[in-house]
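# Architecture and fold: a report
The residues making up each chain are set out below.
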Amino acid sequence: MAANVGTSYLKNFCENNQDLLESNAFEFLVRGITEAHAAIKEEFVKSLTEKGFEVKETEEGYLVKRKSSKSQWVCVHGGTSCSVVALVGTQMYTGNVGDSTGIMSTSKPVLHDSMLQFVGDSADMERKTSSIEAGNDETTNTLVITSDHSPESPVEFCRMRK
């Protein structure tokens, strides 16, 4: 469900917000992913409510459910990950949520780590540097183009505990 809702929402968002993409690609990605996340949560609430659950959101933003007021609250497990690539002229912007990794590949080794420029991270607006591991800037045909948002990433692990 989450993947279908997220994909549908982001596809529609991308098609209907081309002006924002051209004027502010970073804001385009932040809004698209934030709104898709909200749409996924809304669909979880709707689906669980239809199945007879009481659902609420915790202060931390997690959904919890229970069948009756006598039952304990249980965390709702489920979700998805997504990577979005937006091209504006010759500039490529990437956004991702969850532990998805975007990798760019070319048929010939023409890519360098120095081609990547960190703009921002919507999950941590205070971060000024990328969490992408920089290589030795040798010519290659593959580059990792998204930050790691999985709990296994030390940067993400610390961010989630703030």
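Every chain's residues receive numbers from 1 upward, in the order its sequence appears when written. Per-residue local features are limited, in this predicted model, to residues with pLDDT of at least 70; the limit for side-chain atom pairs, both in listing and counting, is 80 or more; totals at the level of whole chains, interfaces and linings are taken over all residues. To obtain the side-chain values, all non-hydrogen atoms of the structure were included, while hydrogens and water were left out.

### What to know about the nonpolar core
In this structure, Leu10, Phe13, Leu20, Leu21, Ala25, Phe28, Leu29, Ala36, Val84 and Ala86 together form the largest nonpolar core, which totals 10 residues. Broken down by secondary-structure element, the contributors of at least two residues to this core are helix H1 (2-16), helix H2 (18-23), helix H3 (25-50) and strand S4 (82-88). Only DSSP runs of H or I reaching four residues or more are called helices, and only runs of E reaching two or more are called strands; each is numbered from the N terminus. Top contributing element to this core by residue count: H3, with 4 residues. Contacts of Leu21, omitting those with residues within four sequence positions, involve Phe28, Ala86, Leu87 and Val88. Put simply, a nonpolar core is a bunch of buried Ala, Val, Leu, Ile, Met, Phe, Trp, Tyr and Cys residues held in one set by side-chain atoms that sit within 4.5 Å of each other. Burial classes follow relative accessibility: with a 1.4 Å probe on protein chains only, a residue under 20% of its type's maximum area counts as buried, one over 50% as exposed, and anything between as partly exposed. Two residues qualify as a contact provided that any one of their heavy atoms is within 4.5 Å of a heavy atom in the partner residue.

### Structural notes on the packing of aromatic side chains
The description of an aromatic ring pair uses the distance of the two centres, along with the angle that the planes make with each other. Aromatic rings from Phe, Tyr and Trp, with only the six-membered ring used for Trp, were paired whenever their centres fell within 6.5 Å, and each pair was classed as stacked if the ring planes differed by under 30 degrees, edge-to-face if by over 60, and tilted otherwise. In the structure shown here, the tally under the stated rule is 1 aromatic pair. Each ring, one from Phe13 and one from Phe28, has its centre 5.3 Å from the other, and the planes form 40°; the classification is tilted. On the criterion of sequence distance, the pair formed by Phe13 in helix H1 and Phe28 in helix H3 is long-range, its members being 15 residues apart. Since its relative accessible area comes to 4%, Phe13 is described here as buried. When the ring centre of Phe53 is taken as reference, the NZ or CZ atom of Lys65 above it lies at 4.6 Å. Distance and angle both matter: a charge sits over a ring if NZ of Lys or CZ of Arg is within 6 Å of the ring centre and within 35 degrees of the ring normal. Here Lys67 stacks its cationic end above the ring of Phe53, 4.5 Å away from the centre of that ring.

### A closer look at H3
Taking 1.5 Å as the rise per residue, H3 with 26 residues should run 38 Å; its terminal C-alpha atoms sit 37 Å apart, in good agreement. Gly52 lies just past H3 and shows a positive phi near 90°. Expected span, for any helix, means 1.5 Å times one less than how many residues it has.

### Considering the pairing of strand S2 (residues 63-66)
Where strand S1 (residues 54-57) and S2 come together, 4 bridges link them in antiparallel fashion. When the sheet's bridge partners are listed, Val55 is paired in S2 with Lys65. When DSSP finds at least two bridges between two strands, those strands are taken to pair. By the bridge criterion, 2 bridges tie S2 to strand S3 (residues 74-75) in an arrangement that is antiparallel. Residue pairing for S3: Val64 is matched across the bridge by Cys75.

### So, the state of the cysteines
Two cysteines joined by a covalent bond between their sulfur atoms form a disulfide. In this description, a disulfide is simply a cysteine sulfur pair whose atoms lie within 2.5 Å. A full pass over the atoms with the stated rule returns 0 disulfides. Cysteine Cys14 remains unbridged, with the sulfur of Cys82 as its closest cysteine sulfur at 8.6 Å. A relative accessible area of 23% places Cys14 in the partly exposed class.

### Observations regarding the pattern of salt bridges
Criterion for a salt bridge: a side-chain nitrogen of Lys or Arg within 4 Å of a carboxyl oxygen of Asp or Glu. All chains considered together, the criterion is met by 4 salt bridges. Between Glu35 and Arg31 there is a salt bridge, with the nearest N and O atoms lying 3.2 Å from each other. Highlighted residues: Glu35 and Arg31, both in helix H3, separated by 4 residues, approximately one helical turn. Judged by relative accessible area, which is 27%, Glu35 ranks as partly exposed.

Purely geometric numbers; function is a separate question.
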